[in-house]
Amino acid sequence: MSEATNDPADETKDAPAEDPKKATANSNIDGTKADDAAADQGDGPDQPAPVAAASTIGVQPGEVVDRDTDERLPAAPGTAPDPVVVGERRGMFGTTDTGDTTGYGGMVSPILFPGAAVRPYGGYFDEIADQLERGLGGGSASYAEAVERIVVDRGEMTVFVRREHLPAVARALRDDPALRFEMCTGVSGVHYPHEAGRELHAVYHFLSITHGGRRVRVEVTAPDADPHIPSIVEIYPANDWHERETWDMFGIEFDGHPSLTRILMPDDWPGHPQRKDYPLGGIPVEYKGATVPPPDQRRSYS
C-alpha cells in the first residue's frame, strides 16, 4: 500500500496558472491606479486596467490600456472587467447638507459602475452582438461607429450607443430576423451631474417575443448643454408617451417626436423635477384651488 505524501507541490501542480494580465479593481475612471489602492493587491505594471466608461468613446469594447505605455491591448477572453470609480460616498448615507449623526461620518467608500465587458459575454449576449454587427453592416453606420461599449452586469446586457446612430440600431433590433426585438417597453431618463459632457442618459428596454423573451438594454447619453437625442417613435410607436415623460422629468429633447409636450407637470412648469440638481424645497404647489406651501415653509408640529 502506497503512503500519502504531504508535498505542497502535489496540491498546486494541477491548479490553473494565474493570468498575469487579469484586470484588478484598483483603477480610476481614467484607467490609472487608485491612490489609495492597497499595496498587497498584486496590482503592478504588468496588470493593465480596463478602459473606463468615460474614456471608451472610439474604443472597441473589450480593449484595455497599459498603465505605463497607454497602449491599447486586447483583453484576455472572458476577463472580468474592473468596476469604474465615478465618485465617492462619505458617511453612512452620503448626506452632504446636514450633520451625520450615525457615528460613521468619517467613512469614505467609492461609487462603482460596471466596466466594459470582455468577450465572451455569455448566454445569448454574444449572439446579439454578432447579429447586431451584421445588421448594421452596409447601413448608415457600422457597429464600431454606433456602439461605444457593451456592459454585462448582474445577468443583463447594456449596449451603449452614440446618440446620432440610435435610430439605425433600433431599426436593426426590430427588423433583423436574427434579433427581432418587437417591443420597446419604454425609455427612462437618468441624470449624472458629475459626468461632464454625458450628464443625461436615456435608457431603452427591448424585448424579443420571437426569440423566447430575450431582453437587451440600450443606453444613450447627451450633454446637459445639448440635450438632444433622436426620437424612435417612428420605429416603436408605443414609445410616444414614454419619451414625453422623459422630456418632462429630465429635459431630454427627442428630436422628431410628433408632439413633445409635458405629460405630468403643467405646461408652464419651470425646470425638470427628476434632475438631481432640481431644488427639493421652496416651490409653491397649487392643488384644486388650495396652495400647499413648500416644505421649508410648512408649520412644524414637533
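Data block above holds the structure.
Anyway, here's the lowdown on the structure attached to this text.

**Some remarks on the overall build of the protein**
For the protein, the helix and strand inventory stands at five helices and 14 strands. Relative to its full complement of 302 residues, the protein shows a buried share of 38%. Contacts spanning at least 24 positions in sequence make up 52% of the contacts within the protein whose residues lie at least 6 apart. A total of about 17400 Å² of accessible surface is found on the protein, and carbon and sulfur atoms cover 52% of it.

**Some words on the packing of aromatic side chains**
Counted under the stated rule, the structure contains four aromatic pairs. Centroid distance Y204 to F206: 6.4 Å. Interplanar angle 20°. Geometry classified as stacked. Note on accessibility: Y204 and F206 belong to one class, buried. An aromatic cluster of at least three residues, connected via ring pairs, comprises Y204, F206 and Y236. Above the ring of F160, the side-chain terminus of R149 is found at 3.8 Å from the ring centroid. Over the ring of W247 we find R262, and its NZ or CZ is 6.0 Å from the ring centre.

**Let's talk about the nonpolar core**
Counting 40 residues, the largest nonpolar core has L132, Y204 and F206 as its most contacted members. Residues contacting F206, with those up to four places away along its chain left out, are L173, F181, M183, C184, R214, R215, V216, V218, I232 and Y236.

Parameters and conventions
- Numbering of residues starts from 1 in every chain and runs along the sequence as written.
- Since the coordinates come from a predicted model, pLDDT governs what is reported: local features require at least 70, and pairs of side-chain atoms require 80 or more to be given and counted, while whole-chain, interface and lining totals use all residues.
- Working from all heavy atoms in the structure, the side-chain values ignore hydrogens and water.
- Working definition: helices are DSSP H or I runs of at least four residues, strands are E runs of at least two. Numbering for both runs from the N terminus.
- Only protein chains enter the accessibility calculation, which uses a 1.4 Å probe. A residue is then buried if its area is under 20% of the maximum for its type, exposed if over 50%, and partly exposed in between.
- Contacts were defined at the residue level, with two residues in contact if any of their heavy atoms lie within 4.5 Å.
- Surface accessibility in these figures is a Shrake-Rupley result with a 1.4 Å probe; residues are shielded only by whichever protein chains are displayed.
- Ring pairs are drawn from Phe, Tyr and Trp, using the six-membered ring of Trp, whenever the two centres fall within 6.5 Å, and their geometry is named by plane angle: stacked under 30 degrees, edge-to-face over 60, tilted for the rest.
- Definition used: whenever NZ (Lys) or CZ (Arg) falls within 6 Å of the ring centre and also within 35 degrees of the ring normal, the charge is taken to sit over that ring.
- Residues belong to a common nonpolar core when they are buried Ala, Val, Leu, Ile, Met, Phe, Trp, Tyr or Cys residues joined through side-chain atoms within 4.5 Å.

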